[in-house]
Amino acid sequence: YNILVCEESIKRKDIDIMELWDIYDADKKITGRTMVRNDWNMKPGDYHLTVLAIVCNKEGNYLITRRSKTKGYAPGAWEISGGAVQAGEKSEDAIKREIKEETGVDVSSFEGGYVGSYRRDNPEEKDNYFVDIYKFYGDIDEKDIRLQEKETDGYMFATLEEINKFGEADNFLHYNSIKEYL
């Protein structure tokens, strides 16, 4: 089914080639099946994998971005880099790709790595997923930051106190899921 959908979308000129995601079972094992990105029609017990990254500079501040005000979900909220793991992609490769796409920062030489994972079950939305969380430390030169314009409209190097204030004001995505790793 997914191959037919993908082939059909390639034939249409108004849609880019569709991104595929691997489907995982409840034990976070790849099933061998895939889904089309954002096709929220998952069966019970099926999951996709996403990633989030906490990126710190040598001063101990966190690189966070502000979501574009044109975003449909949580416009103007603060967040850390993250996104979906594409079919056949490893979690660590996906997070490094997402950070580079969203901020321009290459963390491949940074210290750190995987720090934890959690699972969300949303049967009413047919969107179940795992989230792998990474934490990286390194030198970040502000001249290297190039924001993904359609996704973000600002960034800052925030202190832990600033992030906690954003989180407590419900203006920081994934705050309750990542705060223990900050």
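The residue count restarts for each chain, going from 1 along the sequence in the order it is written. In keeping with the model being predicted, local features are shown solely for residues with a pLDDT of at least 70 and side-chain atom pairs are shown and tallied solely at 80 or more, while totals for entire chains, interfaces and linings include all residues. Remark: hydrogens and water are excluded; side-chain values derive from all non-hydrogen atoms of the structure.

Before we go on, may I ask you to explain the pattern of salt bridges in this structure?
When a carboxyl oxygen of Asp or Glu is within 4 Å of a side-chain nitrogen of Lys or Arg, the pair counts as a salt bridge. A full pass over the atoms with the stated rule returns 15 salt bridges. For D153, the salt bridge identified is with K69, shortest N-O distance 3.8 Å. Taken as a pair, D153 in strand 9 (residues 152-158) and K69 in the loop between strand 4 (62-67) and strand 5 (78-79) lie far apart in primary sequence, 84 residues in all. By relative accessible area, K69 is classed as exposed at 58%. The closest approach of N and O atoms between E98 and R97, which form a salt bridge, is 3.1 Å. R97 gets classed as buried once you look at its relative accessible area, which sits at 18%. Ionic contacts of the salt-bridge type, sharing partners, join the residues E89, R97, E98 and E101 into one network. Runs of H or I in DSSP of at least four residues are treated as helices and runs of E of at least two as strands, each being numbered from the N terminus. Relative accessibility thresholds used throughout: buried, under 20% of the residue-type maximum; exposed, over 50%; partly exposed, between the two (1.4 Å probe, protein chains only).

Just to check I follow, could you spell out unusual backbone geometry for this structure?
In most cases, non-glycine residues show a negative phi, while peptide bonds are predominantly trans. One non-glycine residue, A74, adopts positive backbone phi at about 55°. Even without a glycine there, the phi angle at K126 is positive, about 55°.

Explain the layout of surface pockets here, please?
Any empty space left between atoms is shown by rolling a water-sized probe over those atoms. Buriedness of a pocket was judged along seven lines, with at least five required to meet protein on both sides within 12 Å; pockets are open sets of points on a 1 Å grid over the protein atoms alone, cavities are sets where a 1.4 Å probe fits but cannot get out, and lining residues have an atom within 4 Å of a point. Grid points are joined across faces, edges and corners, and a volume is the space filled by probe spheres set on the points. Of the pockets and cavities examined, the largest pocket occupies roughly 1,300 Å³. Taken together, 41 residues make up the lining of the largest pocket; nearest its centre are R67, Y73, E79, G83 and H174. Only strand 3 (48-56), strand 6 (81-84), helix 2 (91-103), strand 7 (111-120), strand 8 (129-137) and helix 4 (175-178) provide two or more residues apiece to the lining of the largest pocket. Residues of the lining of the largest pocket, tallied by class, amount to 15 nonpolar, 13 polar and 13 charged. Charged residues are taken to be Asp, Glu, Lys and Arg, nonpolar residues to be Ala, Val, Leu, Ile, Met, Phe, Trp, Tyr, Cys and Pro, and polar residues to be all remaining types, Gly included.

Taken by themselves, the reported measurements are silent on function.
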